Structure formats: structure tokens, C-alpha cells
Amino acid sequence: MIKGIIFDLDDTLTIHEKIYNKEYIRISQEISKNIIDKNTLEIIIKKINEIGSIKYFKKYLDAKFGGRDILWGDIGGSGEVNEFISTSYNIIRTEIWKEITKNILGINNINISEISNNHIHNMWEMIEAYDDVIPVLLKLKRLKLAVLTNGMAIHQRRKLAKSGLLYFFSGKNRQILTSSEIKFGKPFPHGYEIIIKNFKLSKNEILMVGDRPEGDILGANKLGIKSVYINRENENISNNEFRPTYEINSMYELLEIIATVSYTHLTLPTKA
């Protein structure tokens, strides 16, 4: 019987990946007054990783996030990774934006603080939950629910709040755990094990739901936890290590899986 569910956050519960490139294109066009091409976008993304991840964050890459998250994320929280970010985020953000504006876009004498602040504002404006998430979470309130997410402590919790999901993961039999708090992201086992222990459940009583085969699904598979791959973009999995126990295209299908595995009846929400 399924008694608990661990959810990934980004691109599982909230729209995430699509907003990055959209915002880089928008802010680059605003700065340069020209439409940037795909090659320039790729150069910008590569530079963000080179500075924010490899140069400054290399020691903490096992936390499975880096430059682009630090560029717009909220600082704060306990632990070594969060403390490092709290003292370094201004240096990282300033260097990244200077490199992008001056050396990639060829623009001098620009207000870096204004660019950085606009980027942060615009990213937050685009954060929202998928339409199928809240109706399904309303049906799952009797279960123990957790979010296990690669990212910064305060930043990821703010995403939950901004998207209207924090309520579902707050209080008794609820947990939010970020990789910055434990120094290890998925697929490392640390986060899964902490949640299972705190919920006092066995591995066969837990489902892991996520959109990243190489992270969410692999981590669960290695621990012998049933995994659910939410494949909203109908992508193919070529690596057998990444193959999930179940694959779904909509969060509504999760209710059907839980009902089958647990031999219980859950009324499906009406799809919009």
C-alpha cells in the first residue's frame, strides 16, 4: 500500500525549464535592442555555467544546481552550501552579467544591478504550478507528502509559495527538503533516505514522482523505491537505468496508479 509520495518540484509540480531561455532572450534583446540568435543564447547559457557553476560552485556540484539558479535565486537557509551562497551571490551575479553584457552582447556602461533585479523579478512573475497539480494534490491529502528538490532552501520554498503549493507540503506528515541543506542532490540517496526515515515508512510504501530520469528516477530506482516518470513532453528514455516503474503524461494518471497499487478508490478530478 502506498502511504507516502515524494515529489520533485521543478518541471514536475511547477513550470521551470521553459522560463529560463525565455527570460535570457527577453533580457538580452532589451539590452542589445536586437533579436539574439540560437548560437548567442547557447553562448550565454554556457557562460552562466562556466562562471556560476564551474568557477565559483565547483566544490558543491554534488548539490546538483549552480550558476543559473544562483543568478536569480533567494539566498538563506542553514548549512554549508547556503552559507557559501549567502556570502558569494553578489560576486557571482555581477561577474555573470558583466560577462554577458560586455563580452557577449558588446554593451558597455550598463547598470548591472538593474539588469540583475529585472531578471529576478521577471523569473518570479513566470513561476506557476501546472494545471493538473493542485486538483491532484487535493485528492492526496490523506497521504504523507514530501518535496525533494535540487536547489536552494529559501528559493525552492518560495517557489512553492508563489505557485500556491506550500499548503500541501506544510504541517504534520509533510516535508520539504532541498539539496542545499544536505549538500547532495538527486540521484544521490541522501534526500530519499531522510524523508523515508522521517515518515517512518518502508521503501515499498513510497512513490517518487519526477520529470528527470537521470535524477529523480535513477535515485529512486537505486534505492528500490517505486518511481513515476511524469513525461509531459513525450521524451524517449534510452538508458535502462533510468526506466521508471510507471510513466505518465499527466498528474491525473498518478491517482490511477495509487488506486491500483493501494487497492483503494480515488475519485479522479474532472480534467479541464
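Placed above this text is the structure.
Residues numbered from 1 in each chain as written. Predicted model: local features only at pLDDT ≥ 70, side-chain atom pairs only at ≥ 80, totals over all residues. Heavy atoms only, no water.

(A) Quick look at the pairing of strand β1 (residues 4–7). By the alternation rule, side chains of β1 split into G4 and I6 and I5 and F7, which are all buried. Two elements, β1 and strand β2 (residues 144–149), share four bridges in a ladder whose sense is parallel. Opposite F7, over in β2, you have V147 as the bridge partner. Relative to strand β4 (residues 206–210), β1 is paired through four bridges, and the arrangement is parallel. The partner of I6 across the bridge, within β4, is M208. (Buried < 20%, exposed > 50% of the residue type's maximum accessible area, 1.4 Å probe, protein only. Helix = DSSP H or I, 4+ residues; strand = E, 2+ residues; numbered from the N terminus. Pairing = 2+ DSSP bridges.)

(B) Geometry of the packing of aromatic side chains. Scanning all chains against the criterion turns up 10 aromatic pairs. Between Y60 and F84, the aromatic rings sit 5.3 Å apart at their centres with planes inclined by 45°, giving tilted as the arrangement. One end of the pair, Y60, is in the loop between α2 (38–55) and α3 (67–72); the other, F84, is in helix α4 (residues 80–104), with 24 residues separating them in the sequence. Their ring planes at 65° and their centres at 5.1 Å tell us that F184 and F188 sit as a pair that is edge-to-face. On the basis of relative accessible area, F184 is assigned to the partly exposed category, the value being 26%. A residue is classified by how much of its surface remains accessible, and F188, at 27% relative accessible area, is partly exposed. Cluster of aromatic residues (ring-pair linked, three or more members): Y20, Y24, W72 and W124. When the ring centre of W124 is taken as reference, the NZ or CZ atom of R158 above it lies at 4.1 Å. Above the face of the Y130 ring, R232 is positioned so that its terminal group lies 3.7 Å from the ring centre. (Phe/Tyr/Trp six-rings, centres within 6.5 Å; stacked < 30°, edge-to-face > 60°. Lys NZ or Arg CZ within 6 Å of the ring centre and 35° of its normal.)

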